[in-house]
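Listed here are the chains, written in short residue letters.
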Amino acid sequence: DMLRRLGVDRVINYNKENVKKVLRNEYPRGVDVVYESVGGEMFNTTFGALAVGGRLVVIGMMSQYTQGKDQTWNILSHKGIPEK
């Protein structure tokens, strides 16, 4: 209810739904805003689902926090960010 009052059209429960399929099927032109806190493959999926002029709000990279102390973050290349 709180998210709907804030104007959220659709919340995806990634434990129960395939995020990539939902985004592709329900938003073929892309989404306007992504609030992303997981990182890794989820970042790739949501970045790929942005509409032209869409906004990606990154507040963390939770998937990266669980790596061991000797492991480093995987650097991702997203050359299309400025053009998106």
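Up top is the structure.
The shown structure was predicted, so the numbers you read here are calculated from the model rather than taken from an experiment.

Tracing the backbone shows threonine 46 in helix H3 (residues 40-48). Take threonine 46: its relative accessible area is 8%, and that puts it in the buried class. For threonine 46, the side chain forms a polar contact with the main-chain oxygen of phenylalanine 43, separated by 3.2 Å. Residues in contact with threonine 46, not counting those within four places in the same chain, are Val34, Glu36 and Leu56.

Within the largest apolar cluster, eight residues are counted, these being Val19, Leu23, Val31, Val34, Phe43, Phe47, Ala49 and Leu50. Mapped by element, the contributors of at least two residues to this core are helix H2 (19-26), strand S1 (31-36) and H3. When neighbours within four sequence positions are excluded, valine 31 is seen to be in contact with Leu23, Ala49, Leu50, Ala51 and Gly54.

Attention now moves to H2. Those residues of H2 lying buried are Val19, Val22 and Leu23. The arc enclosing the buried residues of H2, seen along the axis, measures out at 95°, which places them on a common side. In H2, the exposed positions angled more than 90 degrees off the buried face are occupied by Lys21, Arg24 and Asn25. Buried-residue contacts for H2 involve S1 and H3. Sitting at the head of H2, asparagine 18 places a side-chain oxygen 3.1 Å from the backbone nitrogen of lysine 20.

Glancing now at the packing of aromatic side chains. Applying the stated criterion across every chain yields a total of one aromatic pair. A centroid spacing of 6.1 Å and a plane angle of 0° characterise the contact between phenylalanine 43 and phenylalanine 47, whose relative ring orientation is stacked. With phenylalanine 43 and phenylalanine 47 both in helix H3 and four residues apart, this pair spans about one turn of that helix. For phenylalanine 47, a relative accessible area of 13% puts it in the buried group.

Calculation rules
Counting of residues starts from 1 at the beginning of each chain's written sequence and follows it residue by residue. Owing to the predicted nature of the model, reporting of local features is limited to residues with pLDDT of at least 70; listing and counting of side-chain atom pairs is limited to 80 or more, with chain, interface and lining totals taken over all residues. Only hydrogens and water are removed before side-chain values are computed, so all heavy atoms of the structure are retained for them. Runs of H or I in DSSP of at least four residues are treated as helices and runs of E of at least two as strands, each being numbered from the N terminus. Only protein chains enter the area calculation, which uses a 1.4 Å probe; residues under 20% of their type maximum are buried, those over 50% are exposed, and those in between are partly exposed. Polar contacts, as used here, are pairs of N or O atoms within 3.5 Å; protein pairs need one atom able to donate a hydrogen and one able to accept it. Residues neighboring in sequence count only if both atoms are side-chain atoms. Here a residue-residue contact requires only that any non-hydrogen atoms of the pair lie within 4.5 Å. Think of a nonpolar core as a cluster: buried Ala, Val, Leu, Ile, Met, Phe, Trp, Tyr and Cys residues, connected wherever their side-chain atoms sit within 4.5 Å. It is the directions from the helix axis to the C-beta atoms that the arc portrays. Pairing of aromatic rings covers Phe, Tyr and Trp, the last through its six-membered ring, and needs centres within 6.5 Å; plane angles under 30 degrees mean stacked, over 60 mean edge-to-face, and all others mean tilted.

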